[in-house]
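# Survey of secondary and tertiary structure
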Amino acid sequence: MRQVRGDEYAEFAAARAGHLYRSACLLTGGDTHLAEDLVQETLGRLYVRWYRVSRVGNPAGYAQTVLTRTFLAHRRRLSSRERATDAFPDLPDPRAADTDTPLRLTLVEALGRLSAKDRAVVVLRYWEDRSIEETAEAMNVSSAAVRTRCTRALARLRLLLGDALGEHARP
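The residue numbers shown here count from 1 along each chain, following its written sequence. Reporting of local features is limited, given that this is a predicted model, to residues whose pLDDT is at least 70; pairs of side-chain atoms are given and counted only at 80 or more, and all residues count toward the totals for whole chains, interfaces and linings. Side-chain figures throughout are based on the complete set of non-hydrogen atoms in the structure, without hydrogens or water.

### Brief notes about the nonpolar core
Take the buried Ala, Val, Leu, Ile, Met, Phe, Trp, Tyr and Cys residues and link them wherever side-chain atoms come within 4.5 Å; each set so joined is a nonpolar core. With a 1.4 Å probe rolled over the protein chains alone, any residue whose accessible area is under 20% of its type maximum counts as buried; one over 50% counts as exposed, and the rest are partly exposed. Counting residues in hydrophobic clusters, the biggest one holds 43 residues, and the most contacted among them are Leu 43, Leu 46 and Leu 114. Note on conventions: DSSP H or I runs of at least 4 residues are helices, E runs of at least 2 residues are strands, and numbering of each starts at the N terminus. Among the secondary structure elements, those contributing two or more residues to this core are helix H1 (2-27), helix H2 (32-48), helix H3 (50-53), helix H4 (59-76), helix H5 (101-112), helix H6 (116-127), helix H7 (132-139) and helix H8 (143-161). The element best represented in this core is H1, accounting for nine residues. Sequence-distant contacts of Leu 114, that is, excluding residues within four places in its chain, are made with Arg 119, Val 122, Ala 153, Arg 156, Leu 157 and Leu 160. Residues count as neighbours in contact if any of their non-hydrogen atoms are within 4.5 Å of one another.

### Topic: the packing of aromatic side chains
By convention, a stacked pair of Phe, Tyr or Trp rings (six-membered ring in the case of Trp) has centres within 6.5 Å and planes under 30 degrees apart, an edge-to-face pair has planes over 60 apart, and any other such pair is tilted. For the structure shown, the criterion picks out three aromatic pairs. Between Tyr 9 and Tyr 47, the ring centres sit 5.0 Å apart and the planes meet at 70°, which makes this aromatic pair edge-to-face. Taken as a pair, Tyr 9 in helix H1 and Tyr 47 in helix H2 lie far apart in primary sequence, 38 residues in all. Relative to Trp 50, the ring of Tyr 9 lies with its centre 5.6 Å away and its plane at 75°, an arrangement referred to as edge-to-face. One end of the pair, Tyr 9, is in helix H1; the other, Trp 50, is in helix H3, and 41 residues separate them in sequence.

### Thoughts on the pattern of salt bridges
The term salt bridge refers to a side-chain nitrogen of Lys or Arg lying within 4 Å of a carboxyl oxygen of Asp or Glu. Counting across every chain of the model gives two salt bridges. In this structure, Arg 45 engages Glu 41 in a salt bridge whose closest nitrogen and oxygen atoms are separated by 2.6 Å. In this pair, Arg 45 and Glu 41 are both assigned in helix H2, four residues apart and thus about one turn of the helix distant. The exposure class of Glu 41 is partly exposed, given its relative accessible area of 27%.

What follows is the structure in structure tokens.
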């Protein structure tokens, strides 16, 4: 019985790890190392509770909720010696597609300049395509708070991106 659950978990983790990683990259503003750590911690937490999680109607949604809460908890406990940077490494990420690289980097940079909660709202609502209620549940806030954060985050992104988005978009 334990082996069957382990096999189910391994199959789930293999299928969802890439998607969780992409979401974590967006949440962290392009910090791939932190994104990998967040995915690892999320998968570890899921493994411990897999018996219950596997019986949930939507284990993928549960995994995304765990990822988001892990990210927000990390941001709260960020030590004073760690500093976020807006500079990207000189080497391109081998996992990134060659198409739309300038657009992708511009968007990731703009996301990185949002607060952690605003970034989480934008990623959950527009990357994960979650409803306001699902986003509120994942972030453990009210629906009204999600609406407010979403409006403010999008306004901030528009301000940050300005005309930069248009110059990178394909015609």
